[in-house]
Structure formats: structure tokens, C-alpha cells
Number of protein chains: 2
Amino acid sequence: MNRQTREDLHSQADPYATRLPDGERWIERADPVVWTGSQPEGDHAPLSADDVASYERNGYLVQRDLFTPDEVSALVQAATELREAPKGALGDDAVYEPGAEELRTLFRLETHHALFDLLARSQRVAGVARQLLADDIYIHQSRLNYKPGFTGKEFYWHSDFETWHAEDGMPRMRALSASILLTDNDALNGPLMLMPGSQRVFIGCQGETPQDNHKTSLRKQEIGTPSQDSLCRLSDRFGIDHVAGPAGTVIFFDCNTMHGSNGNITPNPRSNAFFVFNAVSNRLTAPFAAVRPRPPFLARRKGCEPLALHRQPLSASA
Amino acid sequence: MNRQTREDLHSQADPYATRLPDGERWIERADPVVWTGSQPEGDHAPLSADDVASYERNGYLVQRDLFTPDEVSALVQAATELREAPKGALGDDAVYEPGAEELRTLFRLETHHALFDLLARSQRVAGVARQLLADDIYIHQSRLNYKPGFTGKEFYWHSDFETWHAEDGMPRMRALSASILLTDNDALNGPLMLMPGSQRVFIGCQGETPQDNHKTSLRKQEIGTPSQDSLCRLSDRFGIDHVAGPAGTVIFFDCNTMHGSNGNITPNPRSNAFFVFNAVSNRLTAPFAAVRPRPPFLARRKGCEPLALHRQPLSASA
């Protein structure tokens, strides 16, 4: 990227300047965590006022009773079916372990299995996103993650929004993720760790975005992560929490909540279904700090119509 | 190693055959976990009968009140002094991060600081080893470990005895380790994980010992670890525990208890002082499955006289 373009992108109009050449910057969040206003008409609000207040304070919310045991079984079974699909059957959305047959990640999850489409559009999941973002929503990114035991790698601290803003062109902090656990998670098998309250601080990160950064950053993110000094300060200020829970547990977390996970040498694998919901009013523009936007499996640009929610049970016969 | 030598070493007289060419073997432990008999005369027995029973059952015991706050502060301070010693001042026992000035491990710890010598010979620490092993003891190996936050690497599952037997020539399971935490440890910063009860099973591991194996195995152990299948079975049978606790916490664990630790991306470093006590009646012989014994900083062969215990407080003026 030449200097001119860089200056344009990092214009004063952007409250979340990042990938900075001269050092990182702590910036106060310019957007609400819980949005109000244009709640879609006739909408159901799944969260209680207490849950909303907790989400606003911490930047995440854990729900352990959203699904029946049968629904959890059906979801786990659907994930198994996808993992056991012949290599090649899932097209370019499937990422396999290098030199191996094991599926590690399947992007655009809702397009590959009817049950995950139902899950993504369930009031119990997407309805929460619509309630907190106070807008119609669409799926910015989704995936099925599978991490085996023994060799699970760590995922270093980051704010999702930092990358979505820099590399995808997401304008504002009006998006959130829902992670649905498909295996039991405890403190020892690399659970999601979050810094409660960190969603209120945006760390503009140092360093320019390399071309095709996503080809390496999905494996190991190096650009777009805070310095160790900033992480120490964040940790001192906010602490570190982690989410333990059985399969079926759902974690909703804000797009700017600092999070990561440790590696895992225990025999217990980890799997989850992951959906990022973005407000339709917050559709992607040009990247704020990258030459080219990332490909569509990482950041949807077409087909961003409002998601049609439903109240059906999640059934294997879906 | 030629075939002849290998056969000799893996003779029928060795109850703990390992580094096997043809596959791993589960072997029932042939030695007691808690030894009885030749308790040294006039000896003090620091552990209660309940603590001894717990150690025998689980293969480890956690003690949280062995030291006063002043003693813990003095130990932490002593560790800091050693870490801040100029590179080179500690000789060959010091291992630094590649290309960096940061001390990671200091072997023969008790020879480098009077306070750690006092610690190693304290009735509260060494007295426990003497009680459980029912013999005079000496220090087989010792070290100060320092793992920084953010980049702490995992340590894969292993039985210490497997290596000490194969590569050092330790004949029987009559040794134990004491790990004294010098930083707070919780579930998220890579604590020691142990499989309670696993000390009763010896996994004879597959694979020959490469020459100078210790030069790589200290960084990442590959030979002498159980298969994933065995680890799944061990985990199903025994479960996985971990040790959380503040600085000053002491973990005593049997030489054959299966243990490991995850990596650590949190900002919180980990440090501990580590002493391996071996019964004097269990002194090293020739390695059971390696061409040459490991060097003395890893496995003491000279100066194995009984340790002289004391009841003094641990004071910085030591």
C-alpha cells in the first residue's frame, strides 16, 4: 500500500485507526455495546434485562440452557457427519490439516447442513444478536471448528473487530459472535478466555497488513494483536475469565472483546459452531487498512439481506 | 545401539522395559508408592497418615502451608536474583532463551544460592521425601524453571521415571519430585496437570533412544511418551487433575505419575524450584535403554551421599 492510500484510509473520520506504522494506540470505544433504537417490528427479545446488563458490562454472555438434550445430540451428530464427509465433497470452504484427511474448519457452515442453517436462524441464537444490535442482521462469517486433543494449538489474544475493520472494511462495532460448544469444555482443554470489560477499549495495533495476510493469520495471527505491554495492562485492568461448560453451551461475545485460547495437550478435543452476526446497517465497505478485502468465505459482501428468524425446534430431520 | 546390547538391557530382570522396538507395553508397577522399612533413625515424619494415604492413592500431594509469607518472599527474591545474574555468571548450568538474555532454567539449583540449598534440605521438603521413600535421599536433579507469559510452551505427557530409567539408569521407582511454586498458578497459565492413580501403571514406550536425546527432549519430548491411544485410556481411567495455588505451594509427586502442562498465552509467568529426591539405595546404574548416560546436571552420579536435613527457617540472610 502506498503512503497516500494509507493516509486516506486512516483518515480522521475513522474512529478505529489500526495497523499503524508508528506504534499502537488505546482508543475509547465510540459505539454502544448494547444498541437501542430500531428493534425490528414484532421482534422477540430472548434476553432478560439482567442478561443484557451483564453482556453490556462484560462484553460476553454465557447461556447454558438454550437447547434440549435432543437438540444438542442432533447438532453434535450433524458436526460428525460433516467431519466424515469425503475430502472434496465440501468444496473450498473446508480446511484440512496439512497433509491429512481430518477436517479442521468448515466455513459458511449454514450452507452445508440444514440443521446448522436452522441453528443460525434460530430466535434463540440470532434473536439475541438482533436484540443486542437492535437491527436486522446477516451472517458476516460462520464456521465449524474442530480441534483434536493432544495437539490443539493456542489462539493468541485479539479483538475480532480489529481484523474485520482493518481487513474486511466493517465500519463500526455493531456485530457479535455466537459460539455454540459441540464438545464439553473445561479450564484445561483450551477454552475460550475473555477479558471482561475489554470491549470498551480499542487497541489500534502497530504494523502494516501484509498482502494475503489471512493465509497465515488464520493459523497464527501476528499482525493485529496488541503488544505484550498492552495485554498486561488489559489483564491488570479487566482480568481473565474462561468459559467452561458442556456441549450445547452458547457464548455470545462482542466484536471487540479481547479473547484467545491456550493450546491443549489433554485427550479431549474441542469443537464448536461459530456465527458472526453483523447489523445490516453496518455492511462492509472497503478495508480500512488493507489493499484488498479478504475473500467471501471470511467476510460476506453479497447476499447480506436480513436473516429470516424462526422459532422451530432443531431437529435432525431438518 | 546394536541389537545385542539392546537385548541385554531389556533383560527379563528389568521390570520396566521401555524404548521398545515393537510397540508399547502396559506394565503393572512392581514397587511400592510409599516405601516402608528403613526410616532413618531419629527421623521426623512431616506427613500425617491421611496425607500419606492420599499420596499413595493419587501419586501426588499438594501442600499449601509449608512456608511463612516471609519465607515465600525470600524464595521469590532469591529466584529473581538468579534470573538477574549476568549471563555467564552461572556457568553451564544456566539455559537461556535462544538468542536472548533471559534465563529459562538453572540446573543444580542448590549449588547456586544458599537459600535454595536450605530449601532443598529442609525437613519440610526433603523430610517428606525421606518419609515416603523410607531411606536416606540425595538430589538426583534440581532446577529453577522460569516460563514467561504469552509464549510459555506446553510440556507433553510423560512419566519422569521412564526417562530416568531408560536414559539415566535409575533402577526402581523409589524417587519423587518436589515442585515449589514461585509464582501464583491457576488453571489458565499452564499449571501442572497430573493423572491421579497413574503411578501404578508403567507404560513401556515405543521407539529407540536417539544419541544425545536430552539435547532436544528438554525442549520437546518425543521419545519416551505414551501413544495417544494409551493416553486416552489413562485419562478415561484416572482423569486429569491440575494444581492451582499461590506462590509457596508445594507439589510432591511420584516419579511415575503421568503429568504434563499446557502452553500459556496469559500474561502471567510461571516459575518454580524443582528438586528430585532419590533413595540412596536406588543410585544410578548404566542406562537401561540408552548408549550413554545423560550428563551430571541432569542426573547426579557422584556426590550421592545422604542429604543432611535441617529444621531452620528459610531466611534471606542464609
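Residues numbered from 1 in each chain as written. Chains lettered and ligands numbered in written order. Predicted model: local features only at pLDDT ≥ 70, side-chain atom pairs only at ≥ 80, totals over all residues. Heavy atoms only, no water.

Caption draft 1: Representation of the overall build of chain A. Within chain A one finds 8 helices and 13 strands. Relative to the compact-globule value of 20 Å for 318 residues, chain A shows a C-alpha radius of gyration of 19 Å, a close match. Projecting the C-alpha coordinates of chain A onto the three principal axes gives extents of approximately 55 × 50 × 40 Å. For chain A, with 318 residues in total, the buried portion stands at 59%. (Helix = DSSP H or I, 4+ residues; strand = E, 2+ residues; numbered from the N terminus. Rg over C-alpha atoms; globule rule 2.2 N^0.38 Å. Buried < 20%, exposed > 50% of the residue type's maximum accessible area, 1.4 Å probe, protein only.)

Caption draft 2: Fine view of the packing of helix H3 (residues 69-83) of chain B against helix H4 (residues 114-121) of chain B. All names here are of chain B. Interaxial distance between H3 and H4 falls to 9 Å at its minimum, and their mutual angle equals 130°. As far as their axial angle goes, H4 and H3 are oblique. H3 and H4 meet at a crossing whose hand is left-handed. Each of Ala 74, Leu 75, Ala 78, Ala 79 and Leu 82 in H3 lies in contact with H4, whose residues at this interface are Leu 115, Phe 116 and Leu 119. Among the residues making up the contact of H3 with H4, the classes are represented as 8 nonpolar, no polar and no charged. (Axes fitted to C-alpha atoms, helices over the stretch in contact; angles between N-to-C directions. Parallel < 35°, antiparallel > 145°, perpendicular 65-115°, else oblique. Left-handed = near helix turned anticlockwise from the far one by under 90°. Contact = heavy atoms within 4.5 Å. Nonpolar A, V, L, I, M, F, W, Y, C, P; charged D, E, K, R; others polar.)

Caption draft 3: Representation of the interface of chain A and chain B in the model. Contact with chain A, which involves 24 residues of that partner, is made by 24 residues of chain B. Summed over both sides, the interface between chain A and chain B buries roughly 1900 Å², with carbon and sulfur atoms accounting for 71% of that surface. Three residues, A:Phe150, A:Leu188 and A:Ile265, lead the burial of chain A against chain B; their summed loss comes to 39% of the area buried on that side. Our count for the chain A to chain B interface comes out at 6 residue pairs in polar contact (both at pLDDT 80 or more). (Buried area = accessible area lost by both parts, 1.4 Å probe. Polar contact = N/O pair within 3.5 Å; in protein donor to acceptor, adjacent residues only side chain to side chain.)

Caption draft 4: Inspection of unusual backbone geometry at higher detail. Phi is positive for A:Arg19, which is not a glycine, with a value near 60°. Structurally, A:Arg19 can be placed in the loop between helix H1 (3-9) and strand E1 (25-28). Owing to a relative accessible area of 0%, A:Arg19 belongs among the buried residues under this scheme. At B:Arg108, a position not held by glycine, the phi torsion is positive, near 50°. Given a relative accessible area of 31%, B:Arg108 falls into the partly exposed group.

Caption draft 5: The arrangement of the sheet that holds strand E4 (residues 103-107) of chain A in detail. Residue and element names in this part refer to chain A. Read from one edge of the open sheet, 7 strands run E2-E11-E7-E13-E5-E4-E3, paired in antiparallel fashion. This sheet does not close on itself; its edge strands, each paired only once, are strand E2 (60-63) and strand E3 (94-96). Sheet twist, expressed as the mean angle between neighbouring strand axes with direction ignored, is 15°. Note that strand E5 (residues 137-147) and strand E13 (residues 270-279) share 10 bridges and pair antiparallel. Bridging across to E13, Asn 145 finds its partner in Asn 272. Lying on the sheet, helix H4 (residues 114-121) is in contact with E5, strand E7 (175-181) and E13; it crosses E13 at an angle near 50°. (Pairing = 2+ DSSP bridges.)

Caption draft 6: Spatial organisation of the relation of the copies chain A and chain B. For the pair chain A and chain B, the best superposition has an RMSD of 0.0 Å and corresponds to a rotation of 180° with a translation of 0.0 Å parallel to the axis. Put plainly, the chains are arranged around a two-fold axis. Comparing contact sets, 100% of the residues at the interface of chain A also lie at the interface in chain B, consistent with an isologous, same-surface contact. (Least-squares fit on C-alpha atoms with pLDDT ≥ 70 in both.)

Caption draft 7: Expanded view of the sheet that holds strand E8 (residues 193-194) of chain B. Taking strand neighbours across the sheet as the criterion, the 4 strands line up as E6-E12-E8-E10 (chain B) in an open arrangement whose pairing is antiparallel. Of all strands in the sheet, those bounded by a partner on one side alone are strand E6 (155-158) and strand E10 (241-242) of chain B.

Caption draft 8: Broad picture of H3(B). Residues and elements named next belong to chain B. Helix length check: H3 (15 residues) gives 21 Å between terminal C-alpha atoms against 21 Å at 1.5 Å per residue, within 8%. Among all positions in H3, only Glu 71, Val 72, Ala 74, Leu 75, Ala 78, Ala 79 and Leu 82 are buried. Axial view of H3: buried residues confined to an arc of 160°, hence all on one face. Residues of H3 that are exposed and point more than 90 degrees away from the buried face comprise Pro 69 and Asp 70. Against the buried residues of H3 lie strand E4 (103-107), H4 and strand E5 (137-147). (Expected span 1.5 Å × (residues − 1). Arc of directions from axis to C-beta.)

Caption draft 9: Here's a closer look at the side chain of A:His214. Along the chain, A:His214 turns up in helix H7 (residues 214-217). In contact with A:His214, not counting residues within four places along its chain, are A:Glu167, A:Arg294, A:Pro295 and A:Leu298.

Caption draft 10: Region of interest: the environment of A:Val201. Residue and element names in this part refer to chain A. Among the structural elements, Val 201 can be located in strand E9 (residues 201-204). Judged by relative accessible area, Val 201 falls into the buried class, the value being 7%. Between the C-alpha atoms of Val 201 and Pro 171, which are 30 residues apart in sequence, the distance is 16 Å. Apart from the residues lying within four places of it in its own chain, the contact partners of Val 201 are Trp 26, Ile 27, Arg 237, Phe 238 and Asn 256.

Caption draft 11: Structural context of the side chain of A:Ser230. Residue and element names in this part refer to chain A. Summarising the element assignment, Ser 230 is placed in helix H8 (residues 228-238). One polar contact links Ser 230 to Glu 24, side chain to side chain, over a distance of 2.5 Å. At a separation of 2.8 Å, a polar atom in the side chain of Ser 230 contacts the side chain of Trp 26. If sequence neighbours within four positions are ignored, Ser 230 has contacts with Glu 24, Trp 26 and Ile 203.

Caption draft 12: Main features of the packing of aromatic side chains. All names here are of chain A. With the rule as written, the count across this model stands at 14 aromatic pairs over all chains. Three or more aromatic residues link up through ring pairs in this structure, and these residues are Tyr 16, Phe 161 and Phe 202. Here the guanidinium or amino end of Lys 87 rests over the ring plane of Tyr 96, the centre of that ring lying 4.9 Å away. Above the ring of Phe 274, the side-chain terminus of Arg 143 is found at 4.4 Å from the ring centroid. (Phe/Tyr/Trp six-rings, centres within 6.5 Å; stacked < 30°, edge-to-face > 60°. Lys NZ or Arg CZ within 6 Å of the ring centre and 35° of its normal.)

Caption draft 13: Molecular detail of the pattern of salt bridges. Within the structure shown, the criterion is met by 22 salt bridges over all chains. A salt bridge links A:Glu167 to A:Arg19, with the shortest nitrogen-to-oxygen separation between them at 2.8 Å. Residue A:Glu167 is located in helix H6 (residues 160-168), and its partner A:Arg19 is located in the loop between H1 and E1; the two are separated by 148 residues in the primary sequence. The closest approach of N and O atoms between B:Asp168 and B:Arg294, which form a salt bridge, is 2.8 Å. Here B:Asp168, found in helix H6 (residues 160-168), pairs with B:Arg294, found in the segment after strand E13 (270-279); they are 126 residues apart in sequence, far enough to count as distant. Taken together, the salt bridges that share partners define one network made up of A:Arg19, A:Glu162 and A:Glu167. (Salt bridge = Lys/Arg side-chain N within 4 Å of Asp/Glu carboxyl O.)

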